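Here is what each chain is made of, one letter per residue.
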Amino acid sequence: MTVRTRFAPSPTGFLHIGGARTALYCWLEARRRGGAFVLRIEDTDRERSTDAAVKAILDAMAWLGLNADEGPVYQTERLGRYKEVAERLLAEGKAYYAYESKEEIEAMREAAMAKGEKPRYNGYYRDRNEPYRDDPNRVIRFKNPLEGAVVFEDKVKGRVEWANAELDDLVIFRSDGWPTYNFAVVVDDIDMGITEVIRGDDHVNNTPRQINIYHALGAPVPEFAHLPMILDKEGKKLSKRTNSVSVMEYREDGFLPHALLNYLVRLGWSHGDQEIFSVEEMIRLFDVADVNKAASRFDTEKLAWLNQQYLKSDDPQALAPEFAWHLARAGIDASHGPAPADVIVALRDRVHTLKEMAERAKIWYSPIVEWDEKAVAKHLKNETAAAVLGEARALLAGCEWKPEAIHQAVEQIAAKLALGMGKIAQPLRVAMTGTQVSPSIDHTVYLAGREEALKRLDDALARAAA
RNA sequence: GCUCCCUUCGUCUAGUGGCCUAGGACACCGCCCUCUCAAGGCGGGAACACGAGUUCGAGUCUCGUAGGGAGCGCCA
């Protein structure tokens, strides 16, 4: 049987980092085993689901490159099917109508808690066989087995055993006419032929109930893999108040999609000592059965390191479109000035994110607006600066406009004036950027463009003399 | 409260009874390289939650304790 996995977010917000990892693992598992990855939108909560959220999730998945083989299928379009299955359960005596109000249920729960028991429904209507009545409180409840235990072999957690006595008769159809989560997932996963349910471990507790529904429906039970949570740096639950949790926020912060994927795949999973995984390698090596059981913390610094590794090793041309997106976001008009790919080459050893890179790239796309006075005093107003700048002006006016040629010119100046590189590069750097920090001097000059470089040299000469 | 789950350096992890004097990576510190900043190279400190057992031998198996997490909805 071919493997089929699914990612089933509920569209109540953007795609967050934990959801992205779940989607990645589902996707990888399907890819490696030549199966299908399907996307399902669990939008039966009519109060909280929005179209904007659906779009946000789809956009984030597209940016990450996690393309679905099928779907999205929307649960709201399958209402008829859920009703049909519920009717069947009713007809077979495996489900029943119950009429308690929400208040009565609440009271039941409190009473149970007071007795030190687990808050559960008492099964009042279970075997009562009362005639159907139209009642605003009418729900359909599933007849959970009273005895025995549910056992399943979780691919990450291992063997999990659950006494049926711990479970109550859950509502499968709400009084508003919509199915509940635990029922809809099972019906969908059966209809969609899902063989591997990979999801967050906040669902382990639901699994025994769902397995009982599979049994009641006479359907084969899929394999389960429950992934541990991702915590924040402090070991707390990720919250949008204190952390970046949305995938698209990571894009805005300048991270590359494959760097994020690489970080996520290593969070809770490993392959020996390997840290860097291309998407192809992930597909070949990842196995959800190797995922760790314990929760892990999200470490932005390691993500940043990984991001830089990709910045350094990727083809600058391939990075250029995403970088251009960041330039635009930083308010930079890149229609004039250096080619984005050239800027990437100059800056990729020096920044961790594309956002930072765009910030630093400003000096080549617009005139120097701010001069670091200390830099000017130290490197421009000294006895050799004017000579260096003058020589540079002369040589750069005529040399070939390539980093290598510029490098040669700088060396020529050093030789001619019998000065060390420090005495040459620093005044030039201040002239080009207004500061004493920039990439190597040849690239810094090169990226300014000949015309602009000469203009900045003249400005600096004027400042040196002032 | 009840049920289920988890526990190796600060963090991500390797480790499946002897190869562990516990390895790698991020972060941190030091040195080297150097036109600034980086990047890179080399080196350093840093962990098996605790307690019993099983065993010739335990990070690895069992039990207990402590700590953490999840669930107990007509949310998903």
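Residues numbered from 1 in each chain as written. Chains lettered and ligands numbered in written order. Predicted model: local features only at pLDDT ≥ 70, side-chain atom pairs only at ≥ 80, totals over all residues. Heavy atoms only, no water.

Student: What's the story with the packing of aromatic side chains in this structure? I'm lost.
Tutor: The description of two aromatic rings rests on the distance between their centres and on the angle between their planes. Summed over all chains, the structure comprises eleven aromatic pairs. Here Tyr250 and Phe255 contribute two aromatic rings whose centre-to-centre distance is 5.8 Å and whose plane-to-plane angle is 50°, an arrangement assigned as tilted. Across the pair, Phe255 and Tyr250 agree in class, each one buried. Taken together, Tyr25, Trp269, Phe277 and Phe286 form an aromatic cluster joined through their ring pairs. A cation sits over an aromatic face here: Arg251 above Trp325, 3.6 Å from the ring centre. (Phe/Tyr/Trp six-rings, centres within 6.5 Å; stacked < 30°, edge-to-face > 60°. Buried < 20%, exposed > 50% of the residue type's maximum accessible area, 1.4 Å probe, protein only. Lys NZ or Arg CZ within 6 Å of the ring centre and 35° of its normal.)

Student: Explain the pattern of salt bridges to me, please; I cannot follow it from the model alone.
Tutor: Pairing between side chains of opposite charge can happen when their charged atoms approach one another. Scanning the entire structure with this criterion turns up 40 salt bridges. Between Arg133 and Glu130 there is a salt bridge; the shortest N-O distance is 3.4 Å. Take Arg133: its relative accessible area is 31%, and that puts it in the partly exposed class. Judged by relative accessible area, Glu130 falls into the partly exposed class, the value being 34%. (Salt bridge = Lys/Arg side-chain N within 4 Å of Asp/Glu carboxyl O.)

Student: Explain the side chain of Asp287 to me, please; I cannot follow it from the model alone.
Tutor: Topologically, Asp287 is positioned in the loop between helix H9 (279–285) and strand E12 (296–297). At 2.9 Å, the side chain of Asp287 and the backbone nitrogen of Ala289 are in polar contact. (Helix = DSSP H or I, 4+ residues; strand = E, 2+ residues; numbered from the N terminus. Polar contact = N/O pair within 3.5 Å; in protein donor to acceptor, adjacent residues only side chain to side chain.)

Student: How do you make sense of the sheet that holds strand E5 (residues 139–142) when you look at a structure like this?
Tutor: Reading across from one edge, E4-E5-E8 is the order of the three strands in this open sheet, with antiparallel pairing throughout. If you trace the sheet from one side to the other, it starts and ends with strand E4 (95–98) and strand E8 (171–173), each paired once. Averaged over all neighbouring strand pairs, the angle between strand axes comes to 45°, with direction disregarded. Of the strand pairs in this sheet, E5 and E8 are connected by two bridges, and their pairing is antiparallel. Paired with Ile140 across the strands is Phe173, a residue of E8. (Pairing = 2+ DSSP bridges. Axes fitted to C-alpha atoms, helices over the stretch in contact; angles between N-to-C directions.)

Student: Can you help me understand the confidence of the model for chain A in this one?
Tutor: Note: predicted coordinates in regions of low pLDDT should not be interpreted at a detailed level. Counting all residues, the mean pLDDT for chain A is 93, and 99% of those residues have values of 70 or more. What the predictor reports for the complex is a pTM of 0.93 with an ipTM of 0.94. (pLDDT = per-residue confidence, 0-100.)

Student: Sorry if this is basic, but what is going on with the pairing of strand E6 (residues 149–154) here?
Tutor: Consecutive side chains of a regular strand alternate in pointing toward one face of the sheet and then the other. Because side chains alternate across E6, one face comprises the buried residues Val150, Phe152 and Asp154, and the other comprises Ala149, Val151 and Glu153, none of which is buried. Direction of pairing for E6 relative to strand E7 (residues 158–163): antiparallel, over a ladder of six bridges. Its bridge partner being in E7, Ala149 is matched across the sheet by Ala163. Following E6, the chain reverses through three residues before pairing antiparallel with E7.

Student: Mind showing me how you'd approach the protein's contact with RNA strand B here?
Tutor: Looking at RNA strand B, there are 63 residues lining it, with Arg174, Gly268, Asp349, Arg429 and Ser438 nearest. Within the side chain of Arg48, an N or O atom sits 3.4 Å from a sugar or linking oxygen of RNA strand B. Between a sugar or linking oxygen of RNA strand B and a main-chain N or O atom of Arg266, the distance comes to 3.0 Å. For the surface near RNA strand B, the secondary structure elements donating two or more residues are helix H4 (102–114), E5, E7, E12, helix H10 (300–313) and helix H17 (421–433). Here the surface near RNA strand B gets six residues from one element, more than from any other, and that element is H10. (Near = heavy atom within 4 Å.)

Student: Just to check I follow, could you spell out the packing of helix H14 (residues 373–380) against H17 for this structure?
Tutor: A pair of packed helices can be characterised by two numbers: the angle between their axes and the separation between those axes. Remark: H14 packs on H17, axes separated minimally by 9 Å, with the N-to-C direction vectors making an angle of 140°. On the basis of the axis angle, H14 is oblique to H17. The handedness of the crossing between H14 and H17 comes out as left-handed. Of H17, the residues touching H14 (which contributes Ala375, Val376, His379 and Leu380) are Gln426, Pro427 and Val430. Tallied by class, the residues present in the contact of H14 with H17 amount to five nonpolar, two polar and no charged. (Parallel < 35°, antiparallel > 145°, perpendicular 65-115°, else oblique. Left-handed = near helix turned anticlockwise from the far one by under 90°. Contact = heavy atoms within 4.5 Å. Nonpolar A, V, L, I, M, F, W, Y, C, P; charged D, E, K, R; others polar.)

Student: Is there a simple way to think about helix H16 (residues 403–417) in this case?
Tutor: For an α-helix, the turn length of 3.6 residues means that residues three or four places apart are oriented alike. Here H16 is 15 residues long and its end C-alpha atoms lie 21 Å apart, about the 21 Å a rise of 1.5 Å per residue gives. For H16, the set of buried residues is Pro403, Ala405, Ile406, Ala409, Val410, Ile413 and Ala414. In this fold, the buried residues of H16 make contact with helix H15 (385–398), H17 and helix H18 (441–448). The first or second residue beyond H16 is Ala418, which carries a positive phi of 55°. (Expected span 1.5 Å × (residues − 1).)

Student: What is the right way to read the layout of surface pockets from this model?
Tutor: In this approach, a probe sized like a water molecule rolls over the atoms, and the result shows the empty space that is left. If you add up the space inside the largest pocket, you get close to 1500 Å³. Lining the largest pocket are 45 residues, with Ser10, Thr12, His16, Asp202 and His203 sitting closest to its centre. Contributions of two or more residues to the lining of the largest pocket are made by strand E1 (4–7), helix H1 (17–32), helix H5 (181–191) and strand E9 (196–200). Looking at the lining of the largest pocket residue by residue, the class counts come to 18 nonpolar, 15 polar and twelve charged. One number sums up the size of the second largest pocket: a volume of about 440 Å³. Around the second largest pocket, the lining is made up of 20 residues, and of these Lys102, Ile105, Val139, Arg141 and Val171 lie nearest the centre. Of all the elements in the fold, those that place two or more residues in the lining of the second largest pocket are H4 and E5. At four residues, the largest contribution of residues to the lining of the second largest pocket is made by H4. Class assignment of the residues belonging to the lining of the second largest pocket gives a composition of seven nonpolar, four polar and nine charged. (1 Å grid on protein atoms, 1.4 Å probe; cavity = no way out; pocket = protein on both sides within 12 Å on 5 of 7 lines; lining within 4 Å. Points joined across faces, edges and corners; volume = space filled by probe spheres on them.)

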